[in-house]
Amino acid sequence: MPELTVSMPAYNTARYVGSAIKSVLSQEGVDFELIVVDDGSSDSTAEVVRSFSDPRIRLIRNKKRMGIGYCHNLVIRESTSPFIAHVDSDDLVLPGAFAAMLKKLKSSPRIGQVHCYFFDIDADGRTTRDALRKRREDFLRKRAPGLDYKRELLRHGTVINHLRTYRRKVLQEVGGFSEKLRHGEDYRMALLVVDKYDIELVPEFLYAYRTHGGNTSESLRFKNLRFWWRRYLSARELVRSGRIRFPTEKEYKLGKLMLLGLGDALGLSQVRDLVRRTLSFPRRALGAARRQVLAPLGSRLYA
């Protein structure tokens, strides 16, 4: 039984999936298997996967497109490994990534999910020194030691990133991934995990995220606002169903943190101060609300 199962859903990524597989196969120090799920591709994705003769690779083909959540759940059912990692079929894993992720997961039974730093590459696999420096500065600013993942997930949502690695028993305990969501199944899973376990960061650049025209997240208009709306719907559904409880605690009130997140998504920096004043002096803050939020919000939505 391998120690790690790598889940790689693939949909029409024939151009990139070969490089993604090679980056996985180059990992050392970890006994793993790679399960590629061809999610109803209409290109030669399956043929590219079959061109590899490595016995660690398994190919499963869906007759039609089922979605990423379904593919990840299929891998969970098909594998027996105690740990599961997610790698996108158009990205690259850097050497030593799996060993570092498992080391962090094994350091405490309280850890249910681990992630790492990543940097961007273009369709041809290239990046620049300036782009890498900018990404590093962004991580150092937003991923400080002692990060409160519960708060960050509700307000910003973007703290779990790529190369997500889980304890298998945690995924089974929370019921697996949502198969109804077209986007954001990884965010919903993070809410389920952090409600009962810890999420930890490996502060190393171990993953390369490829940006190209086929990226689902890159093709969405009004991306920030749509991402906020999906986060809100997922968190609200999980709270109402009783599957997560932390957003009902005083420190993590869902409405307050989501309102702050909406301000961030719309670029309204005044929302934080307004929420604080509103919670303390509701009547006095009504006038400020009209001036500082409603007018700019209307203008922003119109734009």
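Residues numbered from 1 in each chain as written. Predicted model: local features only at pLDDT ≥ 70, side-chain atom pairs only at ≥ 80, totals over all residues. Heavy atoms only, no water.

## Section: the overall build of the protein
Step number 1: Of the regular secondary structure elements, the protein holds 12 helices and eight strands.
Step number 2: Per-residue burial over the protein gives 48% buried out of 303 residues.
Step number 3: When contacts within the protein are restricted to residue pairs at least 6 apart in sequence, those whose partners lie at least 24 apart make up 76%.
Step number 4: Accessible surface computed for the protein: about 15,800 Å², of which carbon and sulfur atoms make up 51%. (Helix = DSSP H or I, 4+ residues; strand = E, 2+ residues; numbered from the N terminus. Buried < 20%, exposed > 50% of the residue type's maximum accessible area, 1.4 Å probe, protein only. Contact = heavy atoms within 4.5 Å. Areas by Shrake-Rupley, 256 points an atom, 1.4 Å probe, with all protein chains shown as cover.)

## Some remarks on the pairing of strand β8 (residues 198-210)
Step number 1: By the bridge criterion, two bridges tie strand β5 (residues 92-93) to β8 in an arrangement that is antiparallel. Along β8, the bridge assignment pairs Val93 with Tyr207.
Step number 2: In this sheet, β8 lies alongside strand β6 (residues 111-121) in parallel orientation, the contact comprising 10 bridges. In the strand pairing of β8, Phe119 is matched with Ala208. (Pairing = 2+ DSSP bridges.)

## Quick notes on the pattern of salt bridges
Step number 1: On inspection of all chains with the given rule, the structure shows 17 salt bridges.
Step number 2: For the salt bridge of Arg58 with Glu78, the shortest nitrogen-to-oxygen distance reads 2.9 Å. Pair noted here: Arg58 is in strand β3 (residues 57-62) and Glu78 is in helix α3 (residues 68-78), with a separation of 20 residues, a long-range link.
Step number 3: What makes Arg58 partly exposed here is its relative accessible area of 30%.
Step number 4: For Asp138, the salt bridge identified is with Arg141, shortest N-O distance 2.8 Å. Of this pair, Asp138 and Arg141 are both found in helix α5 (residues 129-142), three residues apart, which corresponds to roughly one turn of the helix.
Step number 5: Residue classification places Asp138 among the buried positions, given a relative accessible area of 18%. (Salt bridge = Lys/Arg side-chain N within 4 Å of Asp/Glu carboxyl O.)

## Thoughts on the packing of helix α9 (residues 223-240) against helix α10 (residues 254-266)
Step number 1: Where α9 meets α10, the axes come as close as 9 Å, and the angle between the chain directions of the two elements is 170°. Relative to α10, the element α9 lies roughly antiparallel. Of the residues in α10, those in contact with Asn224, Leu225, Trp228, Arg231, Tyr232, Ala235, Arg236 and Val239 of α9 are Leu254, Met258, Gly261, Leu262, Ala265 and Leu266.
Step number 2: Residues of the contact of α9 with α10, tallied by class, amount to 10 nonpolar, two polar and two charged. (Axes fitted to C-alpha atoms, helices over the stretch in contact; angles between N-to-C directions. Parallel < 35°, antiparallel > 145°, perpendicular 65-115°, else oblique. Nonpolar A, V, L, I, M, F, W, Y, C, P; charged D, E, K, R; others polar.)

## A closer look at the nonpolar core
Step number 1: Within the largest apolar cluster, 72 residues are counted, with the highest numbers of intra-cluster contacts made by Ile21, Phe98 and Leu154.
Step number 2: By residue number, the principal contributor to this core is helix α8 (residues 185-194), which donates seven residues.
Step number 3: Ignoring anything within four residues of it in the chain, the contact list for Phe98 reads Leu4, Val6, Val24, Gln27, Val30, Phe32, Val87, Val93 and Leu163. (Core = buried A, V, L, I, M, F, W, Y, C linked by side-chain atoms within 4.5 Å.)

## Quick word on the sheet that holds β8
Step number 1: Taken together, eight strands build an open sheet; the order of strands is β3-β2-β1-β4-β7-β6-β8-β5 and the sheet is mixed. The open sheet is flanked by β3 and β5, the only strands paired with a single partner.
Step number 2: The strands touched by helix α4 (residues 97-106) are β1 (4-10), β2 (32-39), β4 (83-86), β5, β6, β7 (165-167) and β8; relative to β6, the strand with the most contacts, the crossing angle is about 150°.

## A short note on the packing of aromatic side chains
Step number 1: A complete count under the given rule lists 13 aromatic pairs for this structure.
Step number 2: With 5.3 Å between their ring centres and 50° between their planes, Tyr117 and Phe205 make a pair best called tilted. Within this pair, whereas Tyr117 is found in strand β6, its partner Phe205 is found in strand β8, the two being separated by 88 residues in sequence.
Step number 3: One aromatic cluster is present, formed by Tyr117, Phe118, Phe119, Phe139, Phe205 and Tyr209 through successive ring pairs.
Step number 4: In this structure, Arg77 packs its charged tip against the face of Tyr70, placed 5.8 Å from the ring centre.
Step number 5: Geometry around Phe227 places Arg231 over its ring, the cationic atom sitting 4.9 Å from the centre. (Phe/Tyr/Trp six-rings, centres within 6.5 Å; stacked < 30°, edge-to-face > 60°. Lys NZ or Arg CZ within 6 Å of the ring centre and 35° of its normal.)

## Topic: unusual backbone geometry
Step number 1: Of note, Asn12 is a non-glycine position whose phi angle comes to about 55°, a positive value.
Step number 2: With respect to the secondary-structure elements, Asn12 resides in the loop between β1 and α1 (17-25).
Step number 3: Asn12 sits in the partly exposed class, given a relative accessible area of 31%.
Step number 4: A positive phi angle, close to 50°, is found at Leu163, a residue other than glycine.
Step number 5: Within the fold, Leu163 resides in the loop between α6 (149-155) and β7.
Step number 6: On the basis of relative accessibility, which here comes to 1%, the residue Leu163 falls in the buried class.

## Concerning the environment of Asp122
Step number 1: If you trace the backbone, Asp122 turns up in the loop between β6 and α5.
Step number 2: By relative accessible area, which is 25% here, Asp122 ends up partly exposed.
Step number 3: Along the chain, Asp122 and Ala208 lie 86 residues apart, while their C-alpha atoms are 9.6 Å from each other.
Step number 4: Other than its neighbours up to four places away in sequence, Asp122 contacts Arg210 and Thr211.
Step number 5: Here the side chain of Asp122 touches Asp124 through a polar contact of 2.9 Å, landing on its backbone nitrogen. (Polar contact = N/O pair within 3.5 Å; in protein donor to acceptor, adjacent residues only side chain to side chain.)

Read these as layout, nothing more, since geometry by itself doesn't imply function.
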